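Given next are the chains, with one letter for each unit.
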Amino acid sequence: MALGQFVDERYFERFSETTATRTLELDPAEFRQLYNREAFAFHHHLCDEPLLQFEELFKLCKRLPENSIKFRRGKVPVDINFDTSLAQNREGLTLDSVIEHFDENESYLAIYNPETDPEYRDLIERILSEISRNILDVDSPITWYSTYIFMSTAQSVTPYHMDREMNFLFQIQGEKYAKLWSRFDERVMTSAERDTLLTDEGKKRPAYRQALERLSKNFELRPGIGLHHPFIAPHLISTKSDRSVTLAITYRTELSDVWSDAHNFNYYIRKLGFNPNVVGIQKVSDQRKAVLMRIARKFFKPVKKIIK
């Protein structure tokens, strides 16, 4: 299943800043200081959105293709492999049984790309457009996005992992605990591990360790509270209340694409025995690495075809 959608600046032109509904309440000074450097909480106005209530979301689950809906038992160890947690913890469950006996089954349900449903498209695109306007002064245009809606029961766990993009997380119903770690903290994830994460997606992501607990930045999420996840920031989330609904808007930008390509460059350079500079510290260095990586891809792709 291909996740997300690639976009360019023209994608947002139809959303006028003067007519758009305001969803996010961001502190300008805090936003400028912390965006994509540290996790921070913010306020939002999505709690009363009819489309984000349980019954409407259950209807959405039945309309979307089967591979857009993932579900499992909610209670899993924090250190379980995130990438296999869905397949390992759904014994005896069907989508119908999860919907009909959501609480009894102690369920965890994830809706992938709800914007592919016509009824949800406008809502998701309006939120994304507002994010796009807010980040332009501190980042760059959005190039790709993917959205998710998480529905969970008490003590459900989203295992420790790190994504390959940024995220604005919106708590709609219920309460959650969130722990996030700095991507630059070598005690959490080494620069070599970050390079591998962005290059070899088939390799297991860096695992949770008990020693990480003292290094996390902790948040309590309630309805109306959101949380910004910086690029590839490790995180671990658990549900505190009986039920919870959370919306995640994940995205990449021109700048994060540069970082990703610079990580790719570092990954291959390490294989040659070099110890490259850390990505995300020196802008010019990252840009040079990204350019070289993109040139290399264009050159090696036709060579591979000839060899085959």
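Report on the accompanying structure.

**With respect to the packing of aromatic side chains**
Throughout the structure, instances matching the rule amount to 17 aromatic pairs. With a centroid separation of 5.5 Å and an interplanar angle of 65°, the aromatic rings of F42 and F168 are classed as edge-to-face. With F42 in strand 3 (residues 40-44) and F168 in strand 8 (residues 166-173), this residue pair connects regions lying 126 residues apart in the sequence. Residue classification places F168 among the buried positions, given a relative accessible area of 1%.

**Focus: the pattern of salt bridges**
Considering all chains together, one arrives at 20 salt bridges under this definition. Across the pair R63 and D117 runs a salt bridge, and its minimum N-O distance is 2.9 Å. Of this pair, R63 sits in helix 2 (residues 54-63) while D117 sits in the loop between strand 5 (107-112) and helix 5 (118-135), and the two are 54 residues apart along the sequence. For R63, a relative accessible area of 37% translates into the label partly exposed. Residue class for D117 comes out buried when judged on its relative accessible area of 6%. Among the salt bridges present, the one from K179 reaches E213, with a minimum N-O distance of 2.3 Å. Of this pair, K179 sits in strand 9 (residues 176-180) while E213 sits in the loop between helix 6 (191-199) and strand 10 (217-221); the two residues are 34 residues apart in sequence, bridging distant segments of the chain.

Cut-off values and rules
- Residues numbered from 1 in each chain as written.
- Predicted model: local features only at pLDDT ≥ 70, side-chain atom pairs only at ≥ 80, totals over all residues.
- Heavy atoms only, no water.
- Phe/Tyr/Trp six-rings, centres within 6.5 Å; stacked < 30°, edge-to-face > 60°.
- Helix = DSSP H or I, 4+ residues; strand = E, 2+ residues; numbered from the N terminus.
- Buried < 20%, exposed > 50% of the residue type's maximum accessible area, 1.4 Å probe, protein only.
- Salt bridge = Lys/Arg side-chain N within 4 Å of Asp/Glu carboxyl O.

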